[in-house]
Amino acid sequence: MPKLTIENVGSFEVPKGLKLLNALVEHGGNPRYSCDGKAKCCDCRVEFIDGEPKKMTKAERAKLKDKDALGKYRLSCQCLIKKDMHVRVLKSNTKSKKKKKHADLLEKIKPKPLWVKMKKKK
Ligand code: FES
């Protein structure tokens, strides 16, 4: 199983193919996710310290391009864990009622993912 390290939280073994947002919610990363994982709010943003996926969904790419954030951060609701990752959560959830929102609501990537390769960072 891949190892997920969440900065200032800890390291955890997680099932391969799990959505990163789900793993962050499950293991105390406390990410914000206002649009419930639909690539609309950018609140679930993370910085990859290591293990950034080489592919992203078209929805993520469009949103990051729109925000002029391509290459700056990734949307955890659009990333699947396929290998070891080390991330920093950039926006924490401050509302306790959403803190406990069920990861099962977020199980699948929405909208249905169309994967594209990322351009290399300069
Ligand atoms: S939860 Fe809104 S973009 Fe990921």
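For the structure, see preceding data.
This report concerns the structure included in the present document. (Residues numbered from 1 in each chain as written. Predicted model: local features only at pLDDT ≥ 70, side-chain atom pairs only at ≥ 80, totals over all residues.)

**Describing the sheet that holds strand S5 (residues 74–75)**
Sheets are built from strands that pair by backbone hydrogen bonding, the pairs being arranged parallel or antiparallel.
Part 1 of the argument: Taken together, the five strands give an open sheet; going across it, the order is S2-S1-S6-S3-S5, and neighbouring strands pair in mixed fashion. In this open sheet, the two strands that pair with only one neighbour each are strand S2 (10–13) and S5.
Part 2 of the argument: Taken together, the two bridges between strand S3 (residues 45–50) and S5 define a ladder with antiparallel strand orientation. Paired with Arg 45 across the strands is Leu 75, a residue of S5. (Pairing = 2+ DSSP bridges. Helix = DSSP H or I, 4+ residues; strand = E, 2+ residues; numbered from the N terminus.)

**A look at the pairing of strand S6 (residues 85–89)**
The side chains of a regular strand alternate, residue by residue, between the two faces of the sheet.
Part 1 of the argument: Burial of the side chains of S6 is restricted to one face: Met 85, Val 87 and Val 89 are buried, whereas none of His 86 and Arg 88 on the reverse face is.
Part 2 of the argument: Relative to S6, strand S1 (residues 3–6) runs parallel, the two sharing three bridges. Residue pairing in the sheet places Leu 4 in a bridge with Met 85 of S6.
Part 3 of the argument: As judged from the four bridges shared by S3 and S6, these two strands associate in the antiparallel manner. Its bridge partner being in S6, Phe 48 is matched across the sheet by Val 87. (Buried ≥ 20, exposed ≤ 12 C-beta atoms within 10 Å, placed from the backbone.)

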